[in-house]
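Below, each chain spelled out in residue letters.
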Amino acid sequence: MQENIPKYRLCTVSSVNMAEALDYFGDLIKEKTSYKDKKAYLCIEGSLLILHCSGIKNLIFLEIHCSVIAKPGEGKISWVAIAKFIKFCTMQKTNIKILRNNSIVPASCGAIMSDFFSSLPYKKAMHYACYRYRISKVKHE
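Below is a short write-up of the structure.

Each value, and the rule that gives it
- Residues numbered from 1 in each chain as written.
- Predicted model: local features only at pLDDT ≥ 70, side-chain atom pairs only at ≥ 80, totals over all residues.
- Heavy atoms only, no water.
- Core = buried A, V, L, I, M, F, W, Y, C linked by side-chain atoms within 4.5 Å.
- Buried < 20%, exposed > 50% of the residue type's maximum accessible area, 1.4 Å probe, protein only.
- Contact = heavy atoms within 4.5 Å.
- Helix = DSSP H or I, 4+ residues; strand = E, 2+ residues; numbered from the N terminus.
- Pairing = 2+ DSSP bridges.
- Expected span 1.5 Å × (residues − 1).

### Brief notes about the nonpolar core
Moving on, step 1. Of all hydrophobic cores here, the largest spans 37 residues; its most connected members are Tyr8, Leu10, Phe25, Leu62, Ile82, Ile96 and Ile112.
Moving on, step 2. Dropping the residues within four chain positions of it, Leu10 is found in contact with Leu62, Glu63, Ile64, Cys66, Ile82, Phe85, Ile96, Lys97, Ile98, Leu99 and Ile112.

What follows is the structure in structure tokens.
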């Protein structure tokens, strides 16, 4: 069964320095690409960083489409890009916009995770992780 887990989408509310953003996410970036005629970067775990022009030189709004990765053998999921984005927004002192419902929340794990745990990406990833985990447990008993 092919996993089709949607991305969890977030954006900065305030503009951030482009050089600082690219430096911070440098270890996560795999290659440069484009998304709807905007500069973007594909990350090693499948997330997508999109740079939106703010109208001020060297300042951008940073949008991220975070991959949520199911770990079927363990019954767990991974969301590396979400954690990294929250930490970046905290350092930049900007709030986060949750794009699925246009909510603006503080850059904190509690605020994002309370929304994330009720999102479709989380529910689908947990389904794949737990369903396959139960199947592998039954086969090995």
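Next comes the rest of the account.
### Some remarks on the pairing of strand 1 (residues 8–12)
Moving on, step 1. Burial analysis of strand 1 places 4 of its 5 residues in the buried class, the great majority of the element.
Moving on, step 2. Bridge count between strand 1 and strand 6 (residues 59–66): 4 bridges; the pairing is antiparallel. Looking at the pairing, Cys11 lines up with Glu63 of strand 6.
Moving on, step 3. Pairing geometry for strand 1 and strand 9 (residues 96–98), over 3 bridges, is antiparallel.

### Observations regarding helix 2 (residues 80–92)
Moving on, step 1. With 13 residues, helix 2 extends 19 Å between its outermost C-alpha atoms, agreeing within 8% with the 18 Å of an ideal straight helix rising 1.5 Å per residue.
Moving on, step 2. When we look at burial in helix 2, the residues that qualify are Ala81, Ile82, Lys84, Phe85, Ile86, Phe88 and Cys89.
Moving on, step 3. Contacts made by the buried residues of helix 2 are with strand 1, strand 2 (16–17), helix 1 (18–24), strand 6, strand 9 and helix 3 (109–116).
Moving on, step 4. Following helix 2 by one or two positions, Lys93 adopts a phi angle in the positive range, close to 60°.

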